[in-house]
Amino acid sequence: EGIKRCMEIAAAGGHNIILIGPPGSGKTMLAKRLPSILPPMTMREALETTKIHSVAGKTKDVGLMAQRPFRSPHHTASSVSLVGGGSYPQPGEISLAHNGVLFLDELPEFKRTVLEVMRQPLEDREVTISRAKFTVNYPASFMLVASMNPSPSGYFMDDPNNTSSLAEMQRYMNKISGPLLDRIDLHIEVNPVPFDDLSQERR
């Protein structure tokens, strides 16, 4: 219930959120359900989002987009695929997530250089791609939802399944820079819900 409340607060205020917990605690499922509780897009937002997807060639047979986008790039994604680029600059994942959700699963597995290029777009809500002959601005007003394990073994310190030392856990957490974490408003610990609680029939 507490985690669901946190997701509601994030959705209501458009806050960036990071979910920290062991495997199987429902982090990915919670993130994927988030667009379903976001308010419907206004006509202006729908037009903006459709224009960006049209530039990227992703609106064939779709028409005007009515659903908020949910983008989930793989942790092997490059800086260019995330922020956009190319000889004729195309929008990247952060622009394709405009007015929607960008989900980064297993955040420490992303290259540090890839994560660092997101700092400016998170602050300015747009991304600027410069080339020799011209400069392109793409909007990037998205909700960042990230998830990660608390340690390399995947578990919290007090969990009997944990095999990571305190130093290993610290190194793992340090893969994400302080300035990036500062731009994430809500940091939430997600603990697995016992089966007995999940299978209860109470509302």
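Cut-off values and rules
Residues numbered from 1 in each chain as written. Predicted model: local features only at pLDDT ≥ 70, side-chain atom pairs only at ≥ 80, totals over all residues. Heavy atoms only, no water. Helix = DSSP H or I, 4+ residues; strand = E, 2+ residues; numbered from the N terminus. Rg over C-alpha atoms; globule rule 2.2 N^0.38 Å. Buried < 20%, exposed > 50% of the residue type's maximum accessible area, 1.4 Å probe, protein only. Contact = heavy atoms within 4.5 Å. Areas by Shrake-Rupley, 256 points an atom, 1.4 Å probe, with all protein chains shown as cover. Lys, Arg positive; Asp, Glu negative; His and termini not counted. Charge placed at Lys NZ, Arg CZ, Asp CG, Glu CD. pLDDT = per-residue confidence, 0-100. Expected span 1.5 Å × (residues − 1). Arc of directions from axis to C-beta. Salt bridge = Lys/Arg side-chain N within 4 Å of Asp/Glu carboxyl O. Patch = residues over 30% accessible without salt bridge, like charges linked within 9 Å, V, L, I, M, F, W, Y side chains within 5 Å. Pairing = 2+ DSSP bridges. Axes fitted to C-alpha atoms, helices over the stretch in contact; angles between N-to-C directions. Polar contact = N/O pair within 3.5 Å; in protein donor to acceptor, adjacent residues only side chain to side chain.

Observations concerning the overall build of the chain
Here's step 1: Counting secondary structure elements, the chain contains ten helices and nine strands.
Here's step 2: Taking 2.2 N^0.38 as the reference for a compact globule, 203 residues should give roughly 17 Å; the C-alpha atoms of the chain span a radius of gyration of 18 Å, in line with that estimate.
Here's step 3: For the chain, the spread of C-alpha atoms along the principal axes amounts to about 60 × 45 × 25 Å.
Here's step 4: The buried share of the chain, taken over its 203 residues, is 41%.
Here's step 5: Considering only intrachain contacts with a sequence separation of at least 6, the fraction spanning at least 24 residues in the chain is 70%.
Here's step 6: Surface exposure of the chain reaches about 11,400 Å², of which carbon and sulfur atoms provide 53%.
Here's step 7: Seen as two clouds, the 22 positive and the 22 negative side-chain charges of the chain have centres 8 Å apart.

So, the confidence of the model for the chain
Here's step 1: Mean pLDDT over the chain: 89, with 100% of residues reaching 70 or higher.
Here's step 2: Element-level mean pLDDT values for the chain span from 82 in helix 10 (residues 195–198) up to 96 in strand 5 (residues 101–104).

As for helix 1 (residues 2–13)
An α-helical turn contains 3.6 residues, so a residue and the one three or four places further along point in the same direction.
Here's step 1: With twelve residues, helix 1 ought to run about 16 Å at 1.5 Å a step, and its terminal C-alpha atoms sit 17 Å apart, in line with that.
Here's step 2: Residues Ile 3, Met 7, Ala 10 and Ala 11 constitute the buried set of helix 1. Buried residues of helix 1, seen end-on, are gathered within an arc of 95° and therefore sit on one face of the element.
Here's step 3: Turning to helix 1, the residues buried within the fold contact strand 1 (17–20), helix 2 (27–33), strand 8 (143–148) and strand 9 (186–189).

Focus on the pattern of salt bridges
If charged atoms from side chains of opposite charge come close, those side chains can pair.
Here's step 1: One pass over the full model with this rule turns up six salt bridges.
Here's step 2: Here Glu 1 ties to Lys 4 by a salt bridge, and the two come within 4.0 Å at their closest N and O atoms.
Here's step 3: Its relative accessible area of 45% is what places Lys 4 among the partly exposed residues.
Here's step 4: Residue Arg 119 is joined to Glu 116 by a salt bridge in which the shortest nitrogen-to-oxygen separation is 2.4 Å.

So, a nonpolar patch on the surface
Here's step 1: Taken together, the side chains of Met 43, Leu 47 and Leu 64 define a hydrophobic patch exposed on the protein surface, amounting to about 290 Å² of accessible area.
Here's step 2: Inspection of the secondary structure assignment puts Met 43 in helix 3 (residues 43–55).
Here's step 3: Residue Met 43 is classed as exposed on the basis of its relative accessible area of 55%.

A word on the sheet that holds strand 9
Here's step 1: The sheet built from five strands is open, its strands ordered 2-5-8-1-9 with parallel pairing. Sheet topology places strand 2 (70–71) and strand 9 at the edges, where each strand pairs with a single neighbour.
Here's step 2: With two bridges connecting them, strand 2 and strand 5 associate as parallel partners. Residue pairing for strand 5: Phe 70 is matched across the bridge by Val 101.
Here's step 3: Helix 1 rests against strand 1, strand 8 and strand 9 of the sheet, and its axis sits at about 165° to strand 9.

Section: the environment of Met 169
Here's step 1: One can find Met 169 in helix 8 (residues 166–173).
Here's step 2: When neighbours within four sequence positions are excluded, Met 169 is seen to be in contact with Pro 150, Ser 151, Pro 152, Tyr 155, Phe 156, Met 157, Asn 162 and Ser 164.

Comments concerning the side chain of His 98
Here's step 1: Tracing the chain through its elements places His 98 in the loop between helix 5 (93–96) and strand 5.
Here's step 2: A distance of 3.0 Å separates the side chain of His 98 from the backbone nitrogen of Ser 141, its partner in a polar contact.
Here's step 3: Not counting the four nearest positions on each side in its chain, His 98 is found in contact with Glu 48, Thr 49, Ile 52, Pro 69, Pro 139, Ala 140 and Ser 141.

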